[in-house]
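# Observations on chain architecture
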Amino acid sequence: MSKIHVVGDAIVITSSMKLEDLRTIERFHPKALTLFNEDKEPIFAIGTTTGRGSVCECGMSFGSESRDENKLATITICGRGIVGDPKEYIADTFGGAIANLNKLESKLPDVLTKIKAAKQAVMDGISVQ
Amino acid sequence: MIKVTLGNNVDRKSIIVDENKTLKSVLEENGIDYSRGAMHLDGASLGAGELNKTFAELGVTEKCYLLNIAKMDNAAN
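Here is a short report on the structure shown in this document. (Residues numbered from 1 in each chain as written. Chains lettered and ligands numbered in written order. Predicted model: local features only at pLDDT ≥ 70, side-chain atom pairs only at ≥ 80, totals over all residues. Heavy atoms only, no water.)

Residue and element names in this part refer to chain B. If you walk through the whole model with that rule in mind, you get two salt bridges over all chains. We note a salt bridge from E29 to K21, for which the minimum N-O separation is 2.9 Å. Given the relative accessible area of 28%, K21 is considered partly exposed. Across the pair D33 and R36 runs a salt bridge whose closest N-O atoms are separated by 3.4 Å. A relative accessible area of 37% means that D33 is categorised as partly exposed. On the accessibility criterion, R36 (61% relative accessible area) is exposed. (Salt bridge = Lys/Arg side-chain N within 4 Å of Asp/Glu carboxyl O. Buried < 20%, exposed > 50% of the residue type's maximum accessible area, 1.4 Å probe, protein only.)

What follows is the structure, given as structure tokens:
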């Protein structure tokens, strides 16, 4: 599950996935990063970008990674001015997006495993002379 | 991320993309032929070179319509 930290007016959303892994999935299986409704219309998507990243009702773009050894994908939101209780504010402003992010993240490790297995199968067939 | 409705005179679909992507890359990834007809962003026709700009550079922050409008001949006898 993703984590959210508040320091002053800065809100940092940290994914449970590494930024590098999100880029891999985005490259080889981008549909896995989108949630669809019953009519197969996209309702929410995550992806990678440059810079701090962004959050909106229809998706999240992760632009950087955590500074520890885990290198998890992060979004930093600054300067919005948290009003009232921070937890209430974040739940009201980003709650829907966070819930959708968690839904997607629960499926991504399996997607990544399949991509790595497919890539390994290709590499196993390559001989370097 | 932004929601883009893209397509042409007869077919449209919605996708969600990063606003820092160029219009051209999104069109190519979705198989839209931008070499014929005129490209319109939220009803305004796009000029030469604007397809190489990102949605963010063109001021799109939440959602937009990116459509290829082909001119049809009149059914005149």
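Residue and element names in this part refer to chain A. Its 20 residues place the ends of helix α2 (residues 86-105) only 24 Å apart at the C-alpha level, less than the 28 Å of an ideal helix rising 1.5 Å per residue. A maximum bend of about 70° is found in α2 at F94. Buried residues of α2: Y89, I90, F94, A97, I98, N100, L101, N102, L104 and E105, and no others. (Helix = DSSP H or I, 4+ residues; strand = E, 2+ residues; numbered from the N terminus. Expected span 1.5 Å × (residues − 1). Bend = angle between axes of the 7 residues up to and from the residue.)

The next thing to look at is the sheet that holds strand β2 (residues 12-17) of chain B. All names here are of chain B. Strand order in the open sheet formed by five strands is β2-β1-β5-β3-β4, with mixed pairing between adjacent strands. In the strand order of this sheet, the two ends are held by β2 and β4 (44-45), each with one partner. Note that strand β3 (residues 38-41) and β4 share two bridges and pair antiparallel. By the bridge assignment, L41 is partnered in β4 with A44. (Pairing = 2+ DSSP bridges.)

Okay, the interface of chain A and chain B next. At the junction of the two partners, chain A supplies 16 residues and chain B supplies 10 residues. Together, the buried faces of chain A and chain B total about 840 Å²; carbon and sulfur atoms form 54% of this surface. Where chain A meets chain B, there are zero salt bridges. Remark: the boundary between chain A and chain B carries five residue pairs in polar contact (both at pLDDT 80 or more). At the level of elements, β4 (42-48), β5 (53-56) and β6 (59-62) of chain A are the ones that each hand at least two residues to the side of chain A that touches chain B. The element contributing the most residues to the side of chain A that touches chain B is β4 of chain A, with seven residues. (Contact = heavy atoms within 4.5 Å. Buried area = accessible area lost by both parts, 1.4 Å probe. Polar contact = N/O pair within 3.5 Å; in protein donor to acceptor, adjacent residues only side chain to side chain.)

On to the nonpolar core, then. The biggest cluster of nonpolar side chains holds 29 residues, and the ones touching the most others in it are I25, I46, M60 and F62 of chain A. At the level of secondary structure, the elements contributing two or more residues to this core comprise β2 (10-18), α1 (19-28), β4, β6, β8 (72-77), α2 and α3 (108-124) of chain A. When residues in this core are grouped by element, the largest group, seven residues, is from α2 of chain A. What I25 of chain A contacts, discounting residues up to four positions off in sequence, is M17, P30, A32, L33, L108, V111, L112 and I115 of chain A. Among the nonpolar cores identified, the runner-up in size contains 17 residues, and I15, V17, I32 and L51 of chain B belong to it. (Core = buried A, V, L, I, M, F, W, Y, C linked by side-chain atoms within 4.5 Å.)

This is a description of form; function is not addressed.
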